[in-house]
Amino acid sequence: MQTRVEEQLIGPLLLARGTIDRSSALRANAGWLERAWADPATKVLVIDDGRTLVKRAGDEVHAVLYAPSEAPAGERYLLGVEDGTAYFAVAAPLPGSRAGDVNGRVTMPMSLRDTAEGELVVAGLRQVGGLLGDRDAGMLVYAVALEAWHSTHEFCPRCGSRTDVQAGGHIRVCPRDSSQHFPRVDPAVIMLIRDEDDRCLLARGPQWPEGRLSILAGFVEPGESLEHAVIREVAEEVGVTVVDPRYLGSQPWPFPRSLMLGFFAHATTTTLTPDAEEIAEARWFSREELVEALRSGEVRLPPPVSIARRLIETWYGGPLSGDW
């Protein structure tokens, strides 16, 4: 029988990595931005609806980067500087494919591990966030988040005028009323709930197929602390009372702009009364019961790229199989 685990995450949060200095002081320096874009050593990541081009080299997967002269036209976002090299993202159709089409010389694989070495493929964060190195993973998360925000904030919420992109892609400014608008992040709590027998609570939403289970999560409401959001969301979704929320870590989840804040909490009640609009199924699992359900295929867990998987494995005490 395994003992209660220490409340410290096992393994890295795969979308919380990065090596590039965001260099925020350079964003308003128009001269520097122009010089950096003219520098052939500058590297550009092309992003299109949350996807980019990647290439497999042996067992490694790398983001495909371009010189500014090779990059397509589009909105530019400064991602930062590393070792004197500037990194940008450009929101544009991916090279080698028509807008909205991946039937050119690039393909979208079911698995990166099935592609030929050196082949260019289209992929999103869910596919490659855990396969990319620290630098490329951090760049892609950053670029996906910025692109998602810009795509839905083209117009001023005050007067409806089309806004201008400034500060290296980190501000939109209304030319009519001079109001400034910044990329937003929506905080969401995600929590692994344990009872007095150290069982774990897993559930699924109505939109998920049977067997696809995860832990509970929900958005933080205005005027609410993170800890209160944990307690409220669990009560609303499954009718369980929890205490002692303990923060373990956070990870960006730009689908489109969430920041997932991970918690453990202890249940003082165990009767489950799921809210039918939010939860289709909720169950308590011991470690032995979860391993058996994964072995039989009855249950599948979130992919390793998610903070949900890290919280579940932290409770379990080691790696688990059975991805979605």
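Procedures and definitions
- By convention here, each chain's residues receive numbers from 1 onward along its written sequence.
- Residue-level local features of this predicted model are given only where pLDDT is at least 70; pairs of side-chain atoms are given and counted only at 80 or more, and the full residue set underlies all totals for whole chains, interfaces and linings.
- Only hydrogens and water are set aside when side-chain values are computed; all heavy atoms of the structure are taken into account.
- By definition here, a salt bridge exists when the distance from a side-chain nitrogen of Lys or Arg to a carboxyl oxygen of Asp or Glu is within 4 Å.
- We call a residue buried when its accessible area falls under 20% of the maximum for its residue type, exposed when it is over 50%, and partly exposed in between, using a 1.4 Å probe and counting protein chains only.
- The helix and strand labels rest on DSSP assignments: H or I over at least four residues marks a helix, E over at least two residues marks a strand, and numbering proceeds from the N terminus.
- Whether two residues touch is decided by their heavy atoms; if any such pair falls within 4.5 Å, the residues are in contact.
- For the purposes of this analysis, a disulfide is any pair of cysteine sulfur atoms at a distance within 2.5 Å.

What about the pattern of salt bridges?
Following the criterion strictly, the structure yields 20 salt bridges and no others. Arg135 is paired through a salt bridge with Asp136; the nearest N and O atoms lie 2.8 Å apart. Taking the shortest distance from any N to any O, the salt bridge between Arg283 and Glu281 comes out at 3.7 Å. Assessed through its relative accessible area of 27%, Arg283 is described here as partly exposed.

Considerations on helix H6 (residues 307-316)
Of all 10 residues that make up H6, 10 are buried, and the element is covered over most of its length. Listing the buried residues of H6 in full gives Ile307, Ala308, Arg309, Arg310, Leu311, Ile312, Glu313, Thr314, Trp315 and Tyr316. Next to the buried residues of H6 lie strand S11 (186-194), strand S12 (200-204), strand S14 (242-253), strand S15 (258-267), strand S16 (281-285) and helix H5 (287-296). In the stretch just after H6, Gly317 is the one whose phi turns positive, near 105 degrees.

Things to note about the state of the cysteines
All told, the structure shown has 0 disulfides when counted by the stated rule. Cys159 supplies the cysteine sulfur nearest to Cys174, a cysteine that is in no disulfide, at a spacing of 3.5 Å. Classification of Cys174 by relative accessible area gives buried; the value is 1%.

A closer look at unusual backbone geometry
Cis peptide bonds are those with omega within 30 degrees of zero, and the linkage from Phe255 to Pro256 qualifies with 5 degrees. For Pro256, the location among the structural elements is in the loop between S14 and S15. Despite not being glycine, Ser178 shows a phi value in the positive range, around 65 degrees. Structurally, Ser178 is set in the loop between strand S9 (171-173) and strand S10 (180-181). Given the relative accessible area of 54%, Ser178 is considered exposed. The residue Asp244 is not glycine, and still its phi comes out positive at about 55 degrees.

No statement about biological role is implied by the geometric values presented.
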